[in-house]
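Chain residues, written in single-letter form:
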Amino acid sequence: MRVALFVTCLADLMRPGVAFAAIRLLEHGGCTVEVPESQTCCGQPAYNSGDRATAIALARKTLEEFEGFDYVVAPSGSCGGMIRAHYPELFRDDPATLKRIEALAGRTRELTDFLVSVLKLDSVPGNYTGTVTYHDSCSGLRELGVKAQPRALLAKLPGVTLTEMNEAETCCGFGGTFSLKFGEVSTQLADNKCGNACATGADAIVGGDLGCLLNIEGRLRRRGDLKTKVLHIAELLAGRGE
Amino acid sequence: MELRSNEFKARAAANLGDAKLQKGLGLIKVKAVVNRANAVAEFGDFEALREAGKEIRNRALADLDLYLERFEREATARGAVVHWAENASDACRIIVDIARENGVKKVAKSKSMVSEEVGLNEALIEAGIEPVETDLGEYILQINDAEPPSHIVMPVIHKTVEDVADLFHEKHGTPRKTDPAALTREAREILRPQFLSAEMGISGANFIVAETGSTLIVTNEGNGRLCTTLPRLHVAITGIEKVVPTLEDASVLLRLLPRSATGQAITNYVSLHTGPKRLEESDGPQQFHIVLVDNGRSKLLAGEMREMLRCIRCGACMNHCPVYQAVGGHAYGWVYPGPMGNILTPSYVGLENAVALPNAATMCNQCGVVCPVKIPLPDLMRTLREEQMARGLKPWAERMGLALWGWAAQQPALYALGTRIAARVMKWMGGSEKLIHRLPFVSGWTDGRDFPAPAGKTFRELYQRSKR
């Protein structure tokens, strides 16, 4: 199975380990992983800022780069949701491209969803030991139905105890450029999330989207918590969580 | 109601630091959200019900003109008088005229958001007519110097019992009490004579039924029933979009509305008003006037915000909105707060007068998944953002930043170089702590959060190296 990794711009810049972890997991599941070199961003920041022209240009670029693979997998519900749930809407007036975009959208999956629903992994290479709590990212959860999949994967790690936090499904306040435009509100929501996560006593907060994780970690550290780890689920599953 | 939507950012920030307000808002999560979830779980196939609700509202809107004409015919045939108000001032003038022609000095009002929208109380007062709000929440606001509501269903959610205790003590001149039941009793004692002495009752309408020419209200306090039956005149004011074809349709929406709003299977009172009092009847008003307000709705019908007209005003979108939960309704600066307000306010008062609102959401779509009539609220907000971009209503810095980033993201080689530099600079800025405490241009982030520093090399570089 030829799988293209959609690295995501945040993993590329901020945390390359997440993308390497994703490759390891996909290869563990028997995939041939390719990483189209010219990829940059899915266009979501432009899309959600009302810059439809740029969003369309980046969607076309992504289409050119990722067409023709069996699957496109992203270690992010946000980017995955952009391609899978929103790209088709961008080309509603362009039937020729729409057909190709719909095919791409149909083959695009969020990483944990792909590992569980398509690859049906029965083991994962990681060996993490500790108590974790899982933050459900909005796009993954509400656009792609990612909820049980990461938990099913965590359950394959015998050393991991999952302790659910209150309001696990509530937004952490990131929201892309929202976190910059409405900093105070965004910080308050991140603070609520940190409070709920820390109340579980978990030693790691785990999630599937780097945007949320950077936001949560940023607030956590400012609150003075330098101990609680904030990990992408791919890192933990692939054994890169330390 | 005074429009202050362009002050959203400042008012939101102020509200975040208001401990009393935060205490009041905290109730939304533990009450409204939990109660709705329980009601939905108990119902069974709520998803199918939402789909049915959406279909009914779409059907009504698809032939809105026909259903409104049918409504007018049926209501008129049953003795009601239907008035058409193109805008807010029309609506106020029509109602003031009815009051004047009938020598009305006092009006008992049941809760109506459309009356807030058109500024009815102010118009009545100006005409020398005394409006008395009889919904407990609205009454509290009215005696507090006509403070605006902060929620469409729970108008005083921003107040604590202590606030109300102080207010009643001050305004009523009675001993201060903090027991909610005692406070409610005190309000009842003051309001009861008002119902009896008011010559006119004004209500809203949650739905109007084309088939029978009826208006329908749901209430929990019973004040609505007193307002609509005791005074000799009843005026119902509502938006033209509230029409539903049949009673059967209304009954489906009645299963959705209370569950979505308060988590009740049904409200304490559901009142259907069909014509004034008939000869053989003992209760009811001698005259029944229905004021149907457009005030921008038909413009919405023809545009991209059309789906917003399905709204049945349950408030679930704001109850479930993390931003609303944090900043409260007053921050939104007009009648309709939360996600619905992010769309309705710019649509009704002009995008330039509510620039922040379509952007004041994380796009988490919690509103969209709880909306009883499946309005895609984040999609509509995004469309408004596109309109802001097209009309140059976005700040210069944001437009330039986006343009620059968007251009770079389409030049892979340049983008790769830029990210390599950024990764190194940010690593250096993070120092040994690996945390950036202050970043230029993004103080919105770093004022309250650190920025975790990257490892110094991009994935792209490391991957190419590993392949070599």
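Residues numbered from 1 in each chain as written. Chains lettered and ligands numbered in written order. Predicted model: local features only at pLDDT ≥ 70, side-chain atom pairs only at ≥ 80, totals over all residues. Heavy atoms only, no water.

How would you summarise the sheet that holds strand 7 (residues 233-239) of chain B if you had to cite specific residues and measurements?
All names here are of chain B. Pairing is parallel across the open sheet formed by six strands, whose spatial order is 1-10-7-4-2-3. Two strands lie at the open edges of the sheet, namely strand 1 (81-85) and strand 3 (130-133), each paired on one side alone. Sheet twist, expressed as the average angle between the axes of neighbouring strands with direction ignored, equals 25°. Strand direction decides the pairing type here: strand 1 and strand 10 (residues 287-293), joined by five bridges, are parallel. Paired with Val-81 across the two strands is His-289, which belongs to strand 10. This element, helix 5 (residues 88-101), spans strand 1, strand 4 (200-203), strand 7 and strand 10 of the sheet and lies at about 145° to strand 1. (Pairing = 2+ DSSP bridges. Helix = DSSP H or I, 4+ residues; strand = E, 2+ residues; numbered from the N terminus. Axes fitted to C-alpha atoms, helices over the stretch in contact; angles between N-to-C directions. Contact = heavy atoms within 4.5 Å.)

Please set out a nonpolar patch on the surface residue by residue, giving values where relevant.
Residue and element names in this part refer to chain B. A cluster of nonpolar residues, Leu-404, Trp-407, Leu-414, Leu-417, Ile-421, Val-425 and Trp-428, forms a patch on the protein surface that exposes about 800 Å² of accessible area. Listing elements by their share of the nonpolar patch, those giving two or more residues are helix 19 (396-408) and helix 20 (412-430). With five residues, helix 20 is the single largest residue contributor to the nonpolar patch. When you line up the elements, Trp-428 lands in helix 20. Assessed through its relative accessible area of 72%, Trp-428 is described here as exposed. (Patch = residues over 30% accessible without salt bridge, like charges linked within 9 Å, V, L, I, M, F, W, Y side chains within 5 Å. Areas by Shrake-Rupley, 256 points an atom, 1.4 Å probe, with all protein chains shown as cover. Salt bridge = Lys/Arg side-chain N within 4 Å of Asp/Glu carboxyl O. Buried < 20%, exposed > 50% of the residue type's maximum accessible area, 1.4 Å probe, protein only.)

Which residues make up the interface of chain B and chain A, and what are the values?
On the side of chain A, 62 residues touch chain B, which itself brings 62 residues to the contact. Counting across the interface, chain B meets chain A through five salt bridges. Here B:Arg460 makes a salt bridge to A:Asp12, at a shortest N to O gap of 3.3 Å. Run the count over chain B and chain A and you get 27 residue pairs in polar contact (both at pLDDT 80 or more). Here the residues of the side of chain B that touches chain A are counted per class, giving 34 nonpolar, 14 polar and 14 charged. (Polar contact = N/O pair within 3.5 Å; in protein donor to acceptor, adjacent residues only side chain to side chain. Nonpolar A, V, L, I, M, F, W, Y, C, P; charged D, E, K, R; others polar.)

Report on the packing of aromatic side chains, specifying residues and quantitative values.
Two measures describe an aromatic ring pair: the distance that separates the ring centres and the angle between the ring planes. Residue and element names in this part refer to chain B. Overall, the coordinates contain 14 aromatic pairs over all chains when judged by the stated rule. Ring geometry for Tyr-139 and Phe-168: centres 6.1 Å apart, planes at 75°, overall edge-to-face. Here the residue Tyr-139 occupies a position in helix 8 (residues 136-143), and Phe-168 occupies one in helix 9 (residues 161-172), the gap between them amounting to 29 residues. You'll find Tyr-139 and Phe-168 in the same group, each marked buried. If you follow Arg-313 out to its NZ or CZ, it ends over the ring of Tyr-336, 4.8 Å from the centre. Across from the ring centre of Trp-445, 4.6 Å away, lies the NZ or CZ of Arg-449, which sits over that ring. (Phe/Tyr/Trp six-rings, centres within 6.5 Å; stacked < 30°, edge-to-face > 60°. Lys NZ or Arg CZ within 6 Å of the ring centre and 35° of its normal.)

Lay out the domain arrangement of chain A in plain terms, naming residues and giving numbers.
Residue and element names in this part refer to chain A. What the domain assignment reports for chain A is domain 1 (2-118) and domain 2 (130-238). Distance between the C-alpha centres of domain 1 and domain 2: 22 Å. Taken together, the contact pairs 29 residues of domain 1 with 25 residues of domain 2. Between domain 1 and domain 2, the buried area comes to about 2000 Å², and carbon and sulfur atoms account for 67% of it. In terms of surface lost to domain 2, no three residues of domain 1 exceed Leu-10, Arg-15 and Thr-112, which account for 27% of the buried area on that side. Summed over the shared surface of domain 1 and domain 2, the result is two salt bridges. Of the charged contacts, one joins Glu-235 and Arg-15 as a salt bridge, the two residues approaching to 3.1 Å between their closest N and O atoms. Viewed at the interface, domain 2 and domain 1 are joined by 10 residue pairs in polar contact (both at pLDDT 80 or more). Mapped by element, the contributors of at least two residues to the side of domain 1 that touches domain 2 are helix 1 (9-14), helix 2 (16-28), helix 5 (77-90) and helix 7 (111-118). Here the side of domain 1 that touches domain 2 takes eight residues from helix 5, the largest share from any one element. (Domains from an automatic or database assignment. Buried area = accessible area lost by both parts, 1.4 Å probe.)

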